[in-house]
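Spelled out from the first residue to the last, the chains are:
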Amino acid sequence: MPKNRGAFSVEQIREAQLLYAVTDSTWLAGRSLETCVAQALEGGASFVQLREKGATTEELVELGRPLMELCRRAGVPFVVNDDLEAARILDCDGVHVGQGDASCERARALLGPDKIVGVSTQTVEQAQAAQAAGADYLGVGGVVATSTKPDAFKLEHQDFVDIAAAVDIPVVAIGGVNKDTLPKVEHTGVAGVAVVSAIFAAKDIAVSTADLLEAVKRTPFAVEE
């Protein structure tokens, strides 16, 4: 992995996994996505992924432009989920792909060496393959069962430990993460958590994000010796 991906160093990318906000407009109750992302950043979200299932490339580009500017002003990485063409047109910080989406190799080939590429994984083998293909971080989950990704399955505590130990790149835990479920990823070696509804379903997103950030900071992610 090179020293930098665009504006962000390896260490900055790792630190940005602490509280990773993943958008989902179905939780916004009529509020604008731009306003809600601005509030999440105000509350301390350290990474933002535009994930709007069913949106076209054109719609993602339109949604993404103001979000990218918000993130740039905040010094926070901004990536698009799945859609390599939307990420290329936006010239955002990168892309996040799943096992069934555009491959990590294809994402790196299209977007080049200066972009962040994240990959969803659920096994040690997938994690090691993603790292070998040039991934900068891994999204691993689910922590608990969740309606956001009904096709995903819940991993056990040891699964997170094993995956985080098998790679050198940071791992972010995703899938049903909120203040109540944070203990499930204690002492696993993850770098942080990715959150959807615990941020974007909140009535006061800025306050809820700030509260969650404080809880995340108190969570001992390091593996016990």
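Residues numbered from 1 in each chain as written. Predicted model: local features only at pLDDT ≥ 70, side-chain atom pairs only at ≥ 80, totals over all residues. Heavy atoms only, no water.

A. Local environment of the environment of Asn178. In this structure, Asn178 sits in the loop between strand S9 (171–174) and strand S10 (192–195). For Asn178, a relative accessible area of 29% translates into the label partly exposed. Spatially, the C-alpha atom of Asn178 lies 16 Å from that of His157, the residues being 21 residues apart in sequence. If we ignore the near neighbours within four places in the chain, the residues touching Asn178 are Ala198 and Leu212. (Helix = DSSP H or I, 4+ residues; strand = E, 2+ residues; numbered from the N terminus. Buried < 20%, exposed > 50% of the residue type's maximum accessible area, 1.4 Å probe, protein only. Contact = heavy atoms within 4.5 Å.)

B. View of the pairing of strand S8 (residues 137–141). Judged by how many residues are buried, S8 sits mostly within the fold: five of five residues are covered. Side-chain alternation along S8 places Tyr137, Gly139 and Gly141 on one buried face and Leu138 and Val140 on a second face that is also buried. Running through helix H6 (residues 124–132), the crossover from strand S7 (residues 116–121) to the neighbouring parallel element S8 is right-handed. Relative to S9, S8 runs parallel, the two being bridged by four bridges. Among the inter-strand pairings, Gly139 is bridged to a residue of S9, identified as Val172. (Right-handed = clockwise from strand over helix to strand, strands pointing away. Pairing = 2+ DSSP bridges.)

Shape is all these values report; function is a separate question.
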